[in-house]
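The residues making up each chain are set out below.
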Amino acid sequence: MLKYKRILLKLSGEALAGDKEFGYSDEVLNSFARQIKQIHEAGAELAIVIGGGNIMRGKFAEEAGMDRSTGDTMGMLATVMNALALQNTIEKIGGVPTRVLTAINMPQVAEPYIRRRAIRHLEKGRVVIFAAGVGNPYFTTDSGGALRSIEINADILAKGTNVDGVYDKDPNKFDDAVKYEKVSFTEALTKNLKIMDATALSLCRENNMPIIVFNALEDGNMLRFVKGENIGTLVSND
Ligand code: UDP
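Residues numbered from 1 in each chain as written. Predicted model: local features only at pLDDT ≥ 70, side-chain atom pairs only at ≥ 80, totals over all residues. Heavy atoms only, no water.

Asker: Describe in detail the overall build of the protein, supporting the description with residues and values.
Answerer: Per the secondary structure count, the protein includes eight helices and 11 strands. Against the compact-globule benchmark of 18 Å for 238 residues, the protein has a radius of gyration of 17 Å, which places it among compact chains. Principal axes of the C-alpha set define a box for the protein whose edges measure 50 × 50 × 35 Å. Here the protein holds 238 residues, and 51% of them are scored as buried. A fraction of 71% describes how many contacts in the protein between residues 6 or more apart in sequence connect residues 24 or more apart. Summed over its atoms, the accessible surface of the protein is roughly 11400 Å², and 48% of this surface lies on carbon and sulfur atoms. Looking at charge distribution, the protein has the averaged site of its 29 positive side-chain charges lying 7 Å from that of its 30 negative ones. (Helix = DSSP H or I, 4+ residues; strand = E, 2+ residues; numbered from the N terminus. Rg over C-alpha atoms; globule rule 2.2 N^0.38 Å. Buried < 20%, exposed > 50% of the residue type's maximum accessible area, 1.4 Å probe, protein only. Contact = heavy atoms within 4.5 Å. Areas by Shrake-Rupley, 256 points an atom, 1.4 Å probe, with all protein chains shown as cover. Lys, Arg positive; Asp, Glu negative; His and termini not counted. Charge placed at Lys NZ, Arg CZ, Asp CG, Glu CD.)

Below you can see the structure in the form of structure tokens.
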């Protein structure tokens, strides 16, 4: 039995680079693709929002002297590249039908984002990859993940990162950092815990969309949380 039937999985673009500063790690792409296949085979309906930080972020462009809106648009285009890379890796492994839906229209490359179409794909057992965030500058793909999870009526928004949950302070810097098993949205927002940006968190709080934060780089973890194993940190209104 699966604890979560319909899942919105937010994968960071930055993670795709692995040990490198830029671009793609074959190992990470393959690990994500294998885990996605495991969830799919277990019978979950899976939609993915992928970030773009391994290629471009609006704030990098701004630091280089470009205007923010242009940089953000470049960041959104980076997420489309990542969506195609992930789709390609999943297809190479085989057995999982995928569709890329983009919030910035580019019909030669991917389907446009249409909510009902996305839901139909999920019902038909296709893994949907959402690209281009929310389609507007000044947002992040975390906000894209929050928005899409609510739109498709997901049971949970799963944020796959490179840490195993939410801590009271940075576990890479402080030995005495304590991990939360559970935390409320209000506490996360007031303590400014590093989960997602405030826009994404508020959207989830207002629409009662629970978030699980877990280490997606550990093979098998995606299936573990879908089955209800106690990994990571659960963020909710409780
Ligand atoms: N971005 C945007 N609007 C969105 C989603 C993303 O403008 O709805 C831009 C923004 O510049 C962001 C970049 O795309 O920094 C890449 O996305 P993100 O930083 O969320 O990627 P991740 O942190 O997951 O690698």
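There's more to say after this.
Asker: Run through the site of the ligand, naming residues and quoting values.
Answerer: Among the 22 residues in the neighbourhood of the ligand, the closest are listed as Arg-57, Gly-58, Asp-72, Asn-136 and Thr-141. Contacts to the ligand include Phe-139, whose backbone N or O atom sits 3.2 Å from a nitrogen atom. In isolation the ligand offers 520 Å² of accessible surface; the protein chains occlude 93% of this area. The greatest single-element share of the shell around the ligand, amounting to three residues, is contributed by helix 3 (residues 68-93). Considering only residue class, the shell around the ligand consists of six nonpolar, 12 polar and four charged. (Near = heavy atom within 4 Å. Polar contact = N/O pair within 3.5 Å; in protein donor to acceptor, adjacent residues only side chain to side chain. Nonpolar A, V, L, I, M, F, W, Y, C, P; charged D, E, K, R; others polar.)

Asker: Hey, could you go over the pattern of salt bridges for me, with residue numbers and the actual values?
Answerer: Under the counting rule described, the total for this entry stands at 15 salt bridges. Between Asp-219 and Arg-34 there is a salt bridge, and its shortest N-O distance comes to 2.8 Å. Remark: Arg-34 occurs in helix 1 (residues 26-41) and Asp-219 occurs in the loop between strand 10 (211-215) and helix 8 (221-226); sequence separation between them is 185 residues. When its relative accessible area of 40% is taken as the criterion, Asp-219 is described as partly exposed. The partly exposed category is assigned to Arg-34, whose relative accessible area is 40%. In this structure, Lys-173 engages Asp-170 in a salt bridge whose closest nitrogen and oxygen atoms are separated by 4.0 Å. Classification of Lys-173 by relative accessible area gives exposed; the value is 65%. Several salt bridges converge on common partners, so that one network encompasses Lys-10, Asp-142 and Lys-159. (Salt bridge = Lys/Arg side-chain N within 4 Å of Asp/Glu carboxyl O.)

Asker: Now, about helix 7 (residues 198-206): what can you tell me, with residues and values included?
Answerer: Note that an α-helix has 3.6 residues per turn; residues three or four places apart therefore point the same way. For helix 7, every residue scored as buried is listed here: Ala-200, Leu-201 and Cys-204. Along the axis of helix 7, the buried positions cluster into a sector of 95 degrees, meaning they face one direction only. Looking at the buried side of helix 7, the elements it contacts are helix 5 (141-151), strand 6 (156-161), helix 6 (185-190) and strand 10. Just downstream of helix 7, Asn-208 is the residue with a positive phi angle, here 55 degrees. (Arc of directions from axis to C-beta.)

Honestly, it's all geometry; don't read function into it.
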